[in-house]
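# Fold and contact review
Below are the chains, spelled out letter by letter.
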Amino acid sequence: MKLHEYQSKDLLAKYGVVVPGGRVAKNAADAQSIAEEYGGKVVVKAQVLMGGRGKAGGVKLFDNAAEAGTFAGELIGKRLVSIQNPAGMVVEQVLVAELVDIAEEYYLSVLLDRAAQKLLVMISREGGMEIEEVAEKNPEAIVRLLVDPVWGLADFEIRDAVAKAHIPGPAQRQMVAMIKSLVRAYIESDADLIEINPVALTPEGKLLAADAKVSLDENAVFRHPEFAATAEDSAEDPLEAEAAQKGIAYVRLGGDIGIMGNGAGLVMCSLDEVNAAGGRPANFLDVGGGANAERVKTCVELVLKDENVKGLLINIFGGITRGDQVAKGILTAFEQLDVNIPVVARIDGTGAEEGLELLKGSKIVGAATMQEAAKRIVELAYA
Ligand code: GDP
Ligand code: MN
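Keep in mind the model is a prediction, meaning the values are calculated, not measured. (Residues numbered from 1 in each chain as written. Chains lettered and ligands numbered in written order. Predicted model: local features only at pLDDT ≥ 70, side-chain atom pairs only at ≥ 80, totals over all residues. Heavy atoms only, no water.)

Membership of the largest hydrophobic core comes to 41 residues, with the highest contact counts inside it found for Leu12, Leu108, Val121, Ile123, Met175 and Ile179. Leu302, Val326, Leu331 and Leu359 belong to the second largest nonpolar core, which has 31 residues in total. (Core = buried A, V, L, I, M, F, W, Y, C linked by side-chain atoms within 4.5 Å. Buried < 20%, exposed > 50% of the residue type's maximum accessible area, 1.4 Å probe, protein only.)

Here's what the structure looks like:
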């Protein structure tokens, strides 16, 4: 569960991380009045749960409160699109934060190294840009420090890593303190990622978190009732939130061919096949086992709520649930739905022949193989 930047900063501040002052606003007037508290010297930042907001035009610096308010007004309600998130997200609120004078930008994160069964702290002097880019172009600029979850870290180990990352002398002690706070916040709040990019060093030599990204382990959220409200207002994509409520594994992918199947692996293969056939998958959706009419109907309705969807591919492999039962489920579901886009269903495995036979004469085009199904839906959808 990702937290918004302002929520992440609030959480980290409780552990002693220094963060710039600021508050969230949902309209231009509120944004302007917050900006006035800082003499107009603020940064206005879209609160959307995606990376690369800066490049997407969601972060802007000001020295005038009225202009900051106007920009906030333009940003709220707008859809921001980034390379990481081509479907984009609508901005509902902005963080108006005290402008930090930045001399240097560093990178700091804590995550889980599953292979090592330890926490991993990553430190880099090359902050501000995407860490993937640093990892590719200048891998030695990232210093990695493994943390034993039981024994933790000795101060000298952290000092050593910070020096190795070439963090300048005056900032080193503050960096060590920040790392200790982050590790404690990570463990105590059951986080699965904490990332600060950039850690800002001011010309006066003060170190603070100019951005913050915290993600909590969803399986542990029940241990933190204080985040219950947060969970609600950090609802990511509205369709994904609706799916989660209904217990459906759904991920929006930004294309226009809706996809559903039984089993995560099969759905992922379907995405690849649609892609290979020249289509753009709109989503991942795992119907799960069973796939009775009611379930199929709920899933189809969900996929079609994405207005970009121009065609639907259903990929079913009959196993314990027979293909003909699924076909009946699909037919019953579509009798109750008003669907006016092409639909191709691939049914294979147990009961496949009977299943495909049942689809004949309906609006649903049957296909025996995944490749054939992908090809058909691409032809029909883009016709
Ligand atoms: P992201 O693009 O979603 O990671 O958003 P960030 O919060 O990291 O902002 C992008 C960039 O804007 C940062 O790397 C900084 O260079 C700049 N920025 C953000 N806040 C401030 C600030 O308070 N002062 C200055 N000078 N630059 C800032
Ligand atoms: Mn950032």
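Evaluated as defined, the whole model comprises 1 aromatic pair. Ring centres of phenylalanine 62 and phenylalanine 71 lie 5.5 Å apart, and the angle between their planes is 45 degrees; on these two criteria the pair is classed as tilted. A relative accessible area of 10% places phenylalanine 71 in the buried class. (Phe/Tyr/Trp six-rings, centres within 6.5 Å; stacked < 30°, edge-to-face > 60°.)

Reading across the sheet, the 4 strands line up as E1-E6-E2-E3 and stay open at both edges, with antiparallel pairing between neighbours. The sheet is open, and its two edges are formed by strand E1 (22-25) and strand E3 (59-63), each paired on a single side. Going across the sheet, the axis of each strand differs from the next one's by a mean of 20 degrees, ignoring polarity. The sheet contact formed by E1 and strand E6 (residues 94-98) spans 4 bridges and is antiparallel. Within E6, the residue paired with arginine 23 across the bridge is valine 96. (Pairing = 2+ DSSP bridges. Helix = DSSP H or I, 4+ residues; strand = E, 2+ residues; numbered from the N terminus. Axes fitted to C-alpha atoms, helices over the stretch in contact; angles between N-to-C directions.)

A word on the pairing of strand E16 (residues 311-318). The buried count for E16 comes to 7 of 8 residues, which makes it a mostly enclosed element. In this sheet, E16 lies alongside strand E14 (residues 257-261) in parallel orientation, the contact comprising 5 bridges. Bridged to isoleucine 257 within E16 is glycine 311. Pairing between E16 and strand E17 (residues 343-349): 7 bridges, direction parallel. From the neighbouring strand, leucine 312 faces E17, where its bridge partner is valine 343. The β-α-β motif built from E16, the intervening helix H11 (residues 323-335) and the parallel element E17 has right-handed crossover chirality. (Right-handed = clockwise from strand over helix to strand, strands pointing away.)

What follows is about the coordination of the manganese ion (ligand 2). Within the protein, the atoms that donate to the manganese ion (ligand 2) are Asn197 (O) and Asp211 (OD), at distances of 2.2 Å. Linking asparagine 197 in strand E10 (residues 191-201) with aspartate 211 in the loop between strand E11 (207-209) and strand E12 (213-216), this pair joins segments that are 14 residues apart in sequence. A residue is classified by how much of its surface remains accessible, and asparagine 197, at 13% relative accessible area, is buried. (Donors = N, O, S within 2.8 Å, 3.2 Å for Na, K, Ca; no water.)

Taking 1.5 Å as the rise per residue, H11 with 13 residues should run 18 Å; its terminal C-alpha atoms sit 18 Å apart, in good agreement. For H11, the set of buried residues is Gly323, Asp324, Val326, Ala327, Gly329, Ile330, Leu331, Ala333 and Phe334. Packed against the buried residues of H11 are helix H10 (293-304), E16, E17, helix H12 (352-359) and strand E18 (364-367). (Expected span 1.5 Å × (residues − 1). Contact = heavy atoms within 4.5 Å.)

Okay, the site of ligand 1 next. Near ligand 1, the surroundings consist of 15 residues, among which Lys45, Arg53, Gly54, Val100 and Glu105 are the closest. Contact between ligand 1 and glycine 54: an oxygen atom at 2.8 Å from a main-chain N or O atom of the residue. Between ligand 1 and glutamate 105, the relevant distance is 2.5 Å, taken from an oxygen atom to a side-chain nitrogen or oxygen of the residue. Relative to its unbound accessible surface of 560 Å², ligand 1 loses 80% to contact with the protein. Elements represented by at least two residues in the shell around ligand 1 include exactly strand E2 (41-46), E3 and E10. (Near = heavy atom within 4 Å. Polar contact = N/O pair within 3.5 Å; in protein donor to acceptor, adjacent residues only side chain to side chain. Areas by Shrake-Rupley, 256 points an atom, 1.4 Å probe, with all protein chains shown as cover.)

A word on the side chain of lysine 297. Relative to the helices and strands, lysine 297 is located in helix H10. In this structure lysine 297 is buried but unpaired, with glutamate 301 as the nearest side chain of opposite charge at 4.4 Å. When near neighbours in sequence (up to four residues on either side) are disregarded, lysine 297 contacts Ala333, Gln336 and Leu337. (Lys, Arg positive; Asp, Glu negative; His and termini not counted. Salt bridge = Lys/Arg side-chain N within 4 Å of Asp/Glu carboxyl O.)

Our focus in this paragraph is the domain arrangement of the protein chain. Under the domain assignment used here, the protein chain contains domain 1 (21-98), domain 2 (104-229) and domain 3 (238-381). The gap between the C-alpha centroids of domain 2 and domain 3 is 42 Å. (Domains from an automatic or database assignment.)

This part covers the pattern of salt bridges. A complete count under the given rule lists 21 salt bridges for this structure. The closest approach of N and O atoms between arginine 223 and aspartate 190, which form a salt bridge, is 3.0 Å. Separated by 33 residues along the polypeptide, arginine 223 in the loop between E12 and helix H7 (228-233) and aspartate 190 in the loop between helix H6 (169-188) and E10 bring together distant segments of the chain. Here the residues in one salt-bridge network are Glu5, Lys9, Lys45, Arg53 and Asp211, joined through shared partners.

A word on helix H3 (residues 65-75). The set of residues buried in H3 consists of Ala65, Ala68, Gly69, Phe71, Ala72 and Leu75. An end-on view of H3 places all buried positions within 165 degrees of arc, on one side of the element. Residues of H3 that are buried in the fold lie against helix H2 (28-37), E2, E3, strand E4 (79-80) and E6. At the N-terminal end of H3, a side-chain oxygen is found 2.9 Å from the backbone nitrogen of alanine 66, two or three residues along, and the residue is asparagine 64. Where H3 ends, the next residue or the one after it, glycine 77, has phi of about 95 degrees, a positive value. (Arc of directions from axis to C-beta.)

Take the side chain of arginine 346 next. Within the fold, arginine 346 resides in strand E17. There is a polar contact of 2.8 Å between the side chain of arginine 346 and the side chain of asparagine 315. Aside from chain neighbours lying at most four places away, what touches arginine 346 is Leu266, Ile314, Asn315, Ile316, Phe317, Ala367, Ala368, Thr369, Met370 and Ala373.

Let's shift gears to the packing of helix H8 (residues 238-246) against H10. The interhelical angle for the contact between H8 and H10, taken along N-to-C directions, is 165 degrees, at an axis separation of 11 Å. It follows that H8 is roughly antiparallel to H10 by the angle criterion. Viewed along their axes, H8 and H10 form a crossing whose handedness is right-handed. Contacts between H8 and H10 involve Leu239, Glu242, Ala243 and Lys246 from the first element and Arg295, Thr298 and Leu302 from the second. Each residue belonging to the contact of H8 with H10 can be placed in one class, and the counts come to 3 nonpolar, 1 polar and 3 charged. (Parallel < 35°, antiparallel > 145°, perpendicular 65-115°, else oblique. Left-handed = near helix turned anticlockwise from the far one by under 90°. Nonpolar A, V, L, I, M, F, W, Y, C, P; charged D, E, K, R; others polar.)

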